[in-house]
Amino acid sequence: MLINTLKRAAREAGLLMKSEMDSDFKIHNKEGINNLVTEVDHASEKLIMSIIAESFPDHFILSEEVGEIVMDSEYKWVIDPIDGTVNFANGIPICCVSIGVEYQGKMILGAIYNPFLEEFYFAEKSKGSTLNEKPIHVSRKEEVIKSCLVTGFPYTYLDEPNGPLEVFSKLIRKGVPVRRLGSAAMDLAWVAAGRFDGFYEHKLNAWDSAAGFILVEEAGGRVSDFNGDVYSPYQPHIVATNGLIHDELLKWVNGTI
Ligand code: IPD
Ligand code: CA
Ligand code: CA
């Protein structure tokens, strides 16, 4: 029931997103110049929450636009109704719905759906990750220099040692391809699928990574904070890799290489 509800919510919200992309939706600014939210983000969120409430009205919800709906429950749904809103608002089909489910504080399920590419990613704790129901696995590259990486940049510039631009510039100067898609959930899904060898980002929220990090782990990869410690989506830093390049990528991110 939990899995069916999760899959249904991600699928229906994704289809809504797809059907609305070319419509005349309103766009508003959140804090920062290009931190956008569209009417479709709100509609997607409403739809996801109504589907969850049909079966689980007493579950805790954390969703990007409404925030927390605190319930005395061991289950928590962590929802990004559109990840990649700037892409969505510009008609760029690299965006998705991302939903993770926690039980007793541990992520147990994740679903990411990109309806434009017709890619539905799903992970269940200890049972692996799938893309359109077929098992997926992380890549096997062993060195950062031979890897294809992906990253993201926050809406407001982070002026700190080893900030996003410094790390990016060091990797690019060495000739490492580092892509920037504009959707952290897609970045993570594509690490899980073995398309990227690694992903790092300096400032994410729980809803950006909740589903993606379990997808990477269940596809055989490793996810951590910048210290290499066990990942929590409730802190901002993430390094997610095929496992083989993880320790080396941590050094690049920390400026110790
Ligand atoms: C954003 C995307 C982007 C990341 C930003 C996120 P949103 O989410 O995941 O890739 O770099 O930090 O805020 O705003 O499109 O849901
Ligand atoms: Ca997001
Ligand atoms: Ca979002």
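Residues numbered from 1 in each chain as written. Chains lettered and ligands numbered in written order. Predicted model: local features only at pLDDT ≥ 70, side-chain atom pairs only at ≥ 80, totals over all residues. Heavy atoms only, no water.

Chemist: Just checking my understanding: could you explain the domain arrangement of the chain for this structure?
Modeler: One frequent convention defines the size of an interface as the accessible area lost when the parts assemble. Here the chain is described as being made up of domain 1 (2–135) and domain 2 (144–254). A C-alpha centroid distance of 21 Å is found between domain 1 and domain 2. Facing 40 residues of domain 1, the contacting portion of domain 2 comprises 25 residues. Summed over both sides, the interface of domain 1 with domain 2 buries roughly 2400 Å², with 66% coming from carbon and sulfur. Between the two partners, domain 1 and domain 2, sit one salt bridge. Glu119 is paired through a salt bridge with Arg195; the nearest N and O atoms lie 2.9 Å apart. (Domains from an automatic or database assignment. Contact = heavy atoms within 4.5 Å. Buried area = accessible area lost by both parts, 1.4 Å probe. Salt bridge = Lys/Arg side-chain N within 4 Å of Asp/Glu carboxyl O.)

Chemist: How should I be thinking about the packing of helix H5 (residues 184–192) against helix H6 (residues 206–218) in this particular structure?
Modeler: A pair of packed helices is characterised by two quantities: the angle between their axes and the separation of those axes. Contact geometry of H5 with H6 gives a least axis separation of 8 Å together with a crossing angle of 0°. With respect to H6, the element H5 is oriented roughly parallel. On the side of H5, the interface is formed by Ala184, Ala185, Leu188, Ala189, Val191 and Ala192, while H6 contributes Asp208, Ser209, Gly212, Phe213, Leu215 and Val216. Partitioning the contact of H5 with H6 into residue classes produces nine nonpolar, two polar and one charged. (Axes fitted to C-alpha atoms, helices over the stretch in contact; angles between N-to-C directions. Helix = DSSP H or I, 4+ residues; strand = E, 2+ residues; numbered from the N terminus. Parallel < 35°, antiparallel > 145°, perpendicular 65-115°, else oblique. Nonpolar A, V, L, I, M, F, W, Y, C, P; charged D, E, K, R; others polar.)

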